[in-house]
Amino acid sequence: MDDLTALAREHLDAARTETHGRSAHLVLKDGPLRQSLIALVTGVELDEHNAPPAASLQVLHGHVRLTGRESGDQDLIAGQLQAIPHERHSLRAVEDSVVLLTAVTATPECPHEL
């Protein structure tokens, strides 16, 4: 069993020492299901990328901005959970933040993992 609080602390500390300002850890992999903890320091952005077939973002610490091409900006703070839009999107840390990304990488409609 993983302790998300301890992992969040560990990876935020690591992100603060990395030149790119981020650190990630694959928490769970079960078939097409993935859960990844991602720590980002203030101002770091995960550039625009494609969405998996289904995904959600839970903010464990801090404040992030999820930006979709069509859906626009969604500011999320610790304790909030948001579905990832089914469109290209980016994520930016408004302050030092840790998120838990839950993604389904394959579905009956899209049977090959992304």
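Here, every reference points to the structure presented above.
Below, the structure is looked at part by part. All values reported here derive from a predicted model rather than from experimental measurement.

1. Some points on the overall build of the protein chain
Thinking step 1. In terms of helices and strands, the protein chain carries one helix and nine strands.
Thinking step 2. Over its C-alpha atoms the protein chain spans a radius of gyration of 14 Å, differing by no more than 12% from the 13 Å that the globule rule assigns to 114 residues.
Thinking step 3. Based on the C-alpha atoms only, the size of the protein chain along its principal axes is roughly 40 × 35 × 25 Å.
Thinking step 4. For the protein chain, the proportion of its 114 residues judged to be buried stands at 39%.
Thinking step 5. Long-range contacts, defined here as pairs at least 24 residues apart, represent 63% of the contacts in the protein chain between residues at least 6 apart.
Thinking step 6. A total of about 6500 Å² of accessible surface is found on the protein chain, and carbon and sulfur atoms cover 50% of it.
Thinking step 7. The averaged location of the 17 negative side-chain charges in the protein chain is 3 Å from the averaged location of its 9 positive side-chain charges.

2. Describing the nonpolar core
Thinking step 1. Formed by 26 residues in total, the largest nonpolar core has its most connected members in L40, L57, V64, L91 and V99.
Thinking step 2. Mapped by element, the contributors of at least two residues to this core are α1 (4-17), β2 (33-40), β4 (54-61), β5 (63-68), β8 (89-93) and β9 (97-104).

3. So, the pattern of salt bridges
Thinking step 1. Within the structure shown, the criterion is met by six salt bridges.
Thinking step 2. The closest approach of N and O atoms between E48 and R69, which form a salt bridge, is 2.7 Å. Pair noted here: E48 is in strand β3 (residues 45-49) and R69 is in the loop between β5 and β6 (72-77), with a separation of 21 residues, a long-range link.
Thinking step 3. For D75, the salt bridge identified is with R65, shortest N-O distance 2.7 Å. One end of the pair, D75, is in strand β6; the other, R65, is in strand β5, with 10 residues separating them in the sequence.
Thinking step 4. We classify R65 as partly exposed; its relative accessible area is 28%.
Thinking step 5. Several salt bridges share partner residues, and in doing so they unite D13, R16 and D96 into one network.

4. A few points about the sheet that holds strand β7 (residues 81-83)
Thinking step 1. In spatial order, the strands read β1-β2-β9-β4-β7; together these five strands make up an open sheet with antiparallel pairing. Unpaired on one side and paired on the other, β1 (22-30) and β7 mark the two borders of the sheet. Mean inter-strand twist for the sheet, computed between neighbouring axes without regard to direction, equals 20°.
Thinking step 2. Two elements, β4 and β9, share seven bridges in a ladder whose sense is antiparallel. The partner of S56 across the bridge, within β9, is T102.
Thinking step 3. Against the sheet, α1 engages β1, β2, β4 and β9, with an angle of about 145° to β1.

About the thresholds
- Counting starts from 1 at the beginning of each chain's written sequence and moves along it residue by residue.
- Owing to the predicted nature of the model, reporting of local features is limited to residues with pLDDT of at least 70; listing and counting of side-chain atom pairs is limited to 80 or more, with chain, interface and lining totals taken over all residues.
- Excluding hydrogens and water, the side-chain values take into account all heavy atoms of the structure.
- In DSSP terms, a helix is any run of H or I states spanning at least four residues, a strand is any run of E spanning at least two, and both are numbered starting from the N terminus.
- The globule rule is 2.2 Å times the number of residues to the power 0.38, and the radius of gyration it is compared with is taken over C-alpha atoms.
- Each residue gets one of three labels from its accessible area relative to the maximum for its type: buried under 20%, exposed over 50%, partly exposed in between, using a 1.4 Å probe on protein chains only.
- Any two residues whose heavy atoms approach within 4.5 Å at even a single point are treated as in contact.
- Accessible areas in this description were obtained via Shrake-Rupley with a 1.4 Å probe; residue shielding takes into account the shown protein chains only.
- Just so you know, the count uses Lys and Arg for positive and Asp and Glu for negative, and it drops His and the chain ends.
- The atoms used to mark charge sites are NZ of Lys, CZ of Arg, CG of Asp and CD of Glu.
- To qualify as a nonpolar core, a set must consist of buried Ala, Val, Leu, Ile, Met, Phe, Trp, Tyr and Cys residues joined through side-chain atoms within 4.5 Å.
- Counted as salt bridges are all cases of a side-chain nitrogen of Lys or Arg within 4 Å of a carboxyl oxygen of Asp or Glu.
- Following DSSP output, two strands are said to pair if at least two bridges run between them.
- Axis definition: a line fitted to C-alpha atoms, limited for helices to the stretch in contact. Angles are taken between N-to-C directions and run from 0 to 180 degrees.

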